[in-house]
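Observations on chain architecture
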Amino acid sequence: MAKWQCIPCGYIYDPAKGDPDGGVEPGTPFESLPEDWACPVCGASKDQFEKVEE
């Protein structure tokens, strides 16, 4: 699963880790995050993320 980076702050969403503090289970792909999910660091919306090429 691809990782996604928050453009404003640089936070990396890693699907293998999820976002436990935000109620997102490990193994959740970025595409499956709720539309109202926001960056846990700066609060940016999903459309402010870009896919990280590995």
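Residues numbered from 1 in each chain as written. Predicted model: local features only at pLDDT ≥ 70, side-chain atom pairs only at ≥ 80, totals over all residues. Heavy atoms only, no water.

Quick note on the threshold: UniProt positions are given in the numbering used here, feature names are shortened, and annotations may be inferred rather than shown by experiment.
Per an unreviewed UniProt entry, the chain is named Rubredoxin, and its organism is Methanocella paludicola. According to the UniProt record, the Function (unreviewed entry) comment for the chain is "Rubredoxin is a small nonheme, iron protein lacking acid-labile sulfide. Its single Fe, chelated to 4 Cys, functions as an electron acceptor and may also stabilize the conformation of the molecule."

1. Overview of the UniProt feature "binding site: Fe cation" (unreviewed entry) in the chain
Put simply, the rule is: Numbering of helices and strands runs from the N terminus, with a helix taken as a DSSP run of H or I at least four residues long and a strand as a DSSP run of E at least two residues long. Note on contacts: a residue pair is in contact if any heavy atoms of the two residues lie within 4.5 Å.
Mapped onto this numbering, the UniProt entry annotates "binding site: Fe cation" (unreviewed entry) at Cys 6, Cys 9, Cys 39 and Cys 42. Taken together, the annotated residues stretch across 37 residues yet fold into one region, lying no more than 8.9 Å apart by C-alpha. Tracing the backbone through its elements, the reader meets Cys 6 in strand β1 (residues 3-6). If we ignore the near neighbours within four places in the chain, the residues touching Cys 6 are Tyr 11, Cys 39, Cys 42, Ala 44, Gln 48 and Phe 49. Tracing the backbone shows Cys 9 in the loop between β1 and β2 (12-13). In this view, Cys 9 contacts Cys 39, Val 41 and Cys 42; residues no more than four positions away in its chain are not counted.

2. Considerations on the pairing of β1
Definition in use: Remark: exposure states derive from per-residue accessible area (1.4 Å probe, protein chains only) relative to the maximum for the residue type, with buried under 20%, exposed over 50%, and partly exposed in between. Any two strands with at least two DSSP bridges between them are considered paired.
Side chains of β1 alternate between two faces, with Trp 4 and Cys 6 buried and Lys 3 and Gln 5 left unburied. Relative to strand β3 (residues 49-52), β1 is paired through four bridges, and the arrangement is antiparallel. When the bridges of β3 are listed, Gln 5 appears paired with Glu 50. Where β1 lies against β2, two bridges are found, and the strand directions are antiparallel. Opposite Gln 5, over in β2, you have Ile 12 as the bridge partner. Between β1 and β2, which pair antiparallel and follow one another directly, the connecting turn spans five residues, one of which, Gly 10, has a positive phi of 90°.

3. Remarks on the pattern of salt bridges
The condition is simple: A pair is scored as a salt bridge if a Lys or Arg side-chain nitrogen falls within 4 Å of a carboxyl oxygen belonging to Asp or Glu.
According to the stated counting rule, one finds two salt bridges in the structure shown. Across the pair Asp 14 and Lys 3 runs a salt bridge, and its minimum N-O distance is 3.9 Å. A residue pair is termed long-range when its members are at least 10 positions apart, and Asp 14 in the loop between β2 and β3 and Lys 3 in strand β1 qualify at 11 residues.

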